[in-house]
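# Descriptive structure summary
These are the residues of each chain, in order.
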Amino acid sequence: MSETNNNPKPKTTGGLAGVIAGETEICTVGQTGLDLTYRGYDIHDLAANATFEEVAYLLIYGKLPNTLELTRYKKHLKRLRNLPASLKVVLEQIPGSADPMDVMRTGCSALGALEPESRFNIEYHIADRLIACFPAMLLYWYHYQTHGIRIETNTDEESLAGHFLHLLHGESPDEVMRQAIDASLILYAEHEFNASTFVSRVAISTRSDLPSAITAAIGTLKGPLHGGANEAAMLLIQKFQTPDEAEAGLMEMLKKKELVMGFGHRVYRKSDPRSDVIKAWSKRLSTITGETMIYAISERIEAVMWRERKLFPNLDFYSASTFYFCSIPIPMFTPLFVISRTSGWAAHAFEQRHNNKLIRPSADYTGPQPRAFVPLADRI
Ligand code: COA
């Protein structure tokens, strides 16, 4: 048998579906009997009993913080909220018409240049810095471009959820809304080898730095098949005035084989364990705000998708109305996902770095067979 220079190649699967692309201690998705765990803790327990700060600490530092550690961590995050003056200058150059995800991506990249990772004595602190100042990055730009004002980028709010809402609305948030956003940050924080997390691991595997990895991950999250689905879901819900109108519209979309954003999942087949949690928050907020029609329309869309296609809502679908009820502008839905998922991206990047092997898969070649070079003059 003739020897080749290459290892035998396994068959490809579309979109790497079902491929085990590495090991992780951070998250299970449908592997342990529990549907979703962060470092062994069930997502339902975390969403019901923890705060986002505890979950970020768990993901980045590897354990749930005790009381003292949590107090210190919250103070530490609070200290890291402000933006360097030169980053504000960069943000002021980005037009108000820009996609806020482009603001997040550009801001992250700029911060990586102004405060390189090598400046941080403790490796994990660069992740804390990004999480802590992302709300200000987005909302400094937003208020400057929308209202022509340069806002203060810190607040007295203890939680990141409260800080985000306070910067957005200019006042301390309603407590139920703050709790809803806190829960959503927990649900969005981590999800194993999803597209953007995988990208962050690929970037770090080249021995690149964390801001580069997070910048690449933000660009990946932006697409509507991934993080952008929460915005697309809200734009769809808003098109309808009543549940009956929604049902008719959905039937039309399905007939045309259009994708309905916020439904289906690559890994889950029957339900997304995060969906019921965020749905309960959406329902509660719809009652408080009196926006019950939006919720009724959402429920009808869910019923039609299940009846017609056996497709279930993923986390993005009811996150959309939850954010909407908190008066968060739709283009900020995916940036909010960024703020939360940075904890998961960073945890994976550090895990990759500490047991690194360059991620470099192979491809199944489907191009032309080897052929003679054609000189420029002979080409048609
Ligand atoms: N709306 C309509 N049809 C859908 C659908 C949706 N949201 N999700 C999947 N389908 C259809 C597919 O078109 C496909 O139909 P076909 O067999 O006739 O071609 C079939 O269901 C099987 O799809 P699946 O194998 O689940 O696709 P996937 O694993 O490649 O895709 C998603 C997973 C998430 C990309 C896909 O469900 C999707 O595009 N959802 C909408 C975007 C979204 O909500 N993304 C956020 C994910 S958390």
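Reference entry: report on the structure contained in this document. These figures come from a predicted structure and were not determined experimentally.

## Considering the overall build of the chain
Across its full length, the chain holds 16 helices and three strands. In terms of overall dimensions, the chain is globule-like: its C-alpha atoms have a radius of gyration of 22 Å, near the 21 Å expected for 380 residues. Summarising its shape, the C-alpha atoms of the chain cover approximately 70 × 55 × 50 Å along the three principal directions. With 380 residues in all, the chain has 50% of them scored as buried. A separation of at least 24 residues holds for 76% of the contacts in the chain among residues at least 6 apart in sequence.

## Overview of the site of the ligand
Around the ligand there are 18 residues in total, and Val-260, Gly-262, Phe-263, Arg-266 and Asn-314 lie nearest to it. Separating an oxygen atom of the ligand from a side-chain N or O atom of Arg-266 is a distance of 2.8 Å. Within the side chain of Asn-314, an N or O atom sits 2.9 Å from an oxygen atom of the ligand. A total of 860 Å² of accessible area belongs to the ligand in isolation, and the protein chains cover 62% of it.

## Things to note about the pattern of salt bridges
The final tally for this structure, using the stated rule, is 19 salt bridges. One salt bridge connects Arg-307 with Glu-247, and the closest N-O pair in it is separated by 2.9 Å. Of the two residues, Arg-307 is situated in helix H14 (residues 292-309) and Glu-247 in helix H12 (residues 243-255); the sequence distance between them amounts to 60 residues. Judged by relative accessible area, Arg-307 falls into the partly exposed class, the value being 45%. Residues joined by salt bridges that share partners form a network here, namely Asp-244, Glu-247, Arg-300, Arg-307 and Glu-308.

## A short note on unusual backbone geometry
At Glu-192, a position not held by glycine, the phi torsion is positive, near 55 degrees. Residue placement: Glu-192 occurs in the loop between helix H8 (175-188) and helix H9 (195-205). What makes Glu-192 buried here is its relative accessible area of 17%. Of note in this structure, Lys-310 is not a glycine but carries a positive phi near 55 degrees. You can see Lys-310 is positioned in the loop between H14 and helix H15 (315-325).

## Quick look at the nonpolar core
With 113 residues, the main nonpolar core has Tyr-38, Phe-134, Phe-164, Ile-301 and Ile-328 as its most contacted residues. Examining the composition of this core, we find that 14 residues originate from one element, helix H6 (residues 125-147), more than from any other.

## A word on H6
Along its 23 residues, H6 runs 33 Å from first to last C-alpha, staying within 8% of the 33 Å computed at 1.5 Å per residue. When the local axis directions of H6 are compared, the greatest deviation, roughly 40 degrees, occurs at Cys-133, which is followed within four positions by the proline Pro-135. Counting buried residues along H6, 18 of its 23 residues qualify, which places the element largely inside the surrounding structure. Phi turns positive one or two residues past the end of H6, at Gly-148, with a value near 70 degrees.

## As for the sheet that holds strand E1 (residues 27-29)
In spatial order, the strands read E1-E2-E3; together these three strands make up an open sheet with antiparallel pairing. The sheet is open, and its two edges are formed by E1 and strand E3 (41-42), each paired on a single side. Inspection of the sheet shows strand E2 (residues 36-38) paired to E3 by two bridges, in the antiparallel sense. Within E3, the residue paired with Thr-37 across the bridge is Asp-42.

Parameters and conventions
Residues numbered from 1 in each chain as written. Predicted model: local features only at pLDDT ≥ 70, side-chain atom pairs only at ≥ 80, totals over all residues. Heavy atoms only, no water. Helix = DSSP H or I, 4+ residues; strand = E, 2+ residues; numbered from the N terminus. Rg over C-alpha atoms; globule rule 2.2 N^0.38 Å. Buried < 20%, exposed > 50% of the residue type's maximum accessible area, 1.4 Å probe, protein only. Contact = heavy atoms within 4.5 Å. Near = heavy atom within 4 Å. Polar contact = N/O pair within 3.5 Å; in protein donor to acceptor, adjacent residues only side chain to side chain. Areas by Shrake-Rupley, 256 points an atom, 1.4 Å probe, with all protein chains shown as cover. Salt bridge = Lys/Arg side-chain N within 4 Å of Asp/Glu carboxyl O. Core = buried A, V, L, I, M, F, W, Y, C linked by side-chain atoms within 4.5 Å. Expected span 1.5 Å × (residues − 1). Bend = angle between axes of the 7 residues up to and from the residue. Pairing = 2+ DSSP bridges.

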